[in-house]
Amino acid sequence: MQTIFDIPLWLARKRRALAAPVSGADFLINRAAEELADRLAAVQREFNKGAALFCQTSAGARVLAKSQKVAEVVRVEADAALLLGETGLVAPPETVPLEPASLDIAVSLLSMQAMNDIPGFIIQVRRALKPDGLFLGAMAGAGTLNELRESLLAAESELYGGISPRVSPFVDVRDAGALLQRAGLALPVADIETVTVRYDNLFALMGDLRAMGETSVLSDRSRRPGTRRLFARAAEIYAERFSDSDGRIRATFAIVWLSGWAPDPSQRKPLKPGSAKMSLAKALENPGKLQD
């Protein structure tokens, strides 16, 4: 398996962010938690045991507990520091340290985009779910930080005649849906929520990314630190291409949401091809027949 992300470095960045917290820098994980609460509210089910997998904060576990739909919640993080003294399990990212068929619901918020083996992780989630158990997950998807990526590439190409990757690649929403199917989850759904955040300049955006612990951890990133000249030129390009009339710049965060159920005979199944009693053409000719 190709190693795209330097996981030890990702964890080091998370610990550094925890050691010097910045007020408001958790806005994205909090927004994801609010969306999770809304999605869970739409599920007309109760669950005996749930897990918040690699949510980085207690936000995911709190949503499960406050929903009053999950009787027991276990939290799993990639580093003990992320638990902040709370009870939970510590396991390497991409692993689910829970017994097969032991969960009724599992959620994961904004960590999968940094995993090297997303399909393997979702397969482990499916194995940990009981039949008809639910998985809800969110990760940064394609389109995230496109403005920053374009500005850095343009500046580096202009100044040095070449480019190096400085912003992580992200999964497309269609590919995300395929990952659910590949993992064997039933009734898979993938959709995208686009969040646009405005900043004074590129340096304010990068400050937020550092405070989140979300600066680049690409394994094949350039080992040569970016120069002031590079970032100054990138800031100019960013402002030229992606600013509003008041001079503030836009930054896009595209959040891909995934949901799927562990297979169970009780679930609805799509009709087999050719099993319809009326063709679409006939139905369109006689719309009243649809109500018979």
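Nothing here was measured: the structure is a model prediction, and the numbers come from that model.

S.K.: So what's going on with the overall build of the chain? Which residues, and what values?
M.R.: Within the chain, the secondary structure is distributed over nine helices and seven strands. For the chain, the spread of C-alpha atoms along the three principal axes comes to 70 × 55 × 40 Å. Looking at the chain as a whole, 47% of its 292 residues qualify as buried. Contacts spanning at least 24 positions in sequence make up 78% of the contacts within the chain whose residues lie at least 6 apart. Here the chain contributes 36 positive and 34 negative side-chain charges, whose respective centroids are spaced 3 Å apart.

S.K.: Outline the sheet that holds strand 4 (residues 103-109), supporting the account with residue identities and numerical values.
M.R.: Here seven strands make up an open sheet; going across it, the order is 3-2-1-4-5-7-6 and the pairing mixed. Looking at which strands have only one partner, the edges of the open sheet turn out to be strand 3 (89-90) and strand 6 (186-199). By the bridge criterion, six bridges tie strand 4 to strand 5 (residues 129-140) in an arrangement that is parallel. Its bridge partner lying in strand 5, alanine 106 is registered against phenylalanine 135.

S.K.: How would you explain the environment of arginine 250 if you had to name every residue and give the values?
M.R.: Topologically, arginine 250 is positioned in strand 7 (residues 249-261). When its relative accessible area of 26% is taken as the criterion, arginine 250 is described as partly exposed. Spatially, the C-alpha atoms of arginine 250 and glutamate 99 are 44 Å apart, while their sequence positions differ by 151 residues. When neighbours within four sequence positions are excluded, arginine 250 is seen to be in contact with Glu147, Thr196, Val197, Tyr238, Arg241, Phe242, Ser243 and Asp244.

S.K.: Explain the packing of aromatic side chains to me, using residue names and the numbers behind them.
M.R.: For the structure on display, the rule yields three aromatic pairs. Judged by centre distance (6.2 Å) and plane angle (80 degrees), the ring pair of phenylalanine 27 and phenylalanine 253 falls under edge-to-face. With phenylalanine 27 in helix 2 (residues 27-41) and phenylalanine 253 in strand 7, this residue pair connects regions lying 226 residues apart in the sequence. We classify phenylalanine 253 as buried; its relative accessible area is 4%. An angle of 75 degrees between the planes, with centres 5.6 Å apart, marks the rings of tyrosine 238 and phenylalanine 242 as edge-to-face. Its relative accessible area of 0% is what places tyrosine 238 among the buried residues.

How each quantity is defined
- Position labels on residues start from 1 in each chain and follow its written sequence.
- Totals for whole chains, interfaces and linings use every residue, but because this is a predicted model, local features are given only for residues with pLDDT of at least 70 and side-chain atom pairs only at 80 or more, for both listing and counting.
- Only hydrogens and water are set aside when side-chain values are computed; all heavy atoms of the structure are taken into account.
- By the criteria applied, helices consist of DSSP H or I runs no shorter than four residues and strands consist of E runs no shorter than two, each listed in order from the N terminus.
- For the exposure calls, accessible area comes from a 1.4 Å probe over protein chains only, and a residue counts as buried if that area is under 20% of its type's maximum, exposed if over 50%, partly exposed in between.
- What makes two residues a contact is simply this: any of their non-hydrogen atoms within 4.5 Å.
- Note that His is not counted, nor are the chain ends; the positive residues are Lys and Arg, and the negative ones are Asp and Glu.
- Charged side chains are reduced to one point each, which is NZ for Lys, CZ for Arg, CG for Asp and CD for Glu.
- One requirement defines pairing of two strands: DSSP has to find at least two bridges between them.
- The aromatic pairing rule takes the rings of Phe, Tyr and Trp, using the six-membered ring of Trp, and pairs them if the centres are within 6.5 Å, calling planes under 30 degrees apart stacked, those over 60 edge-to-face and the rest tilted.

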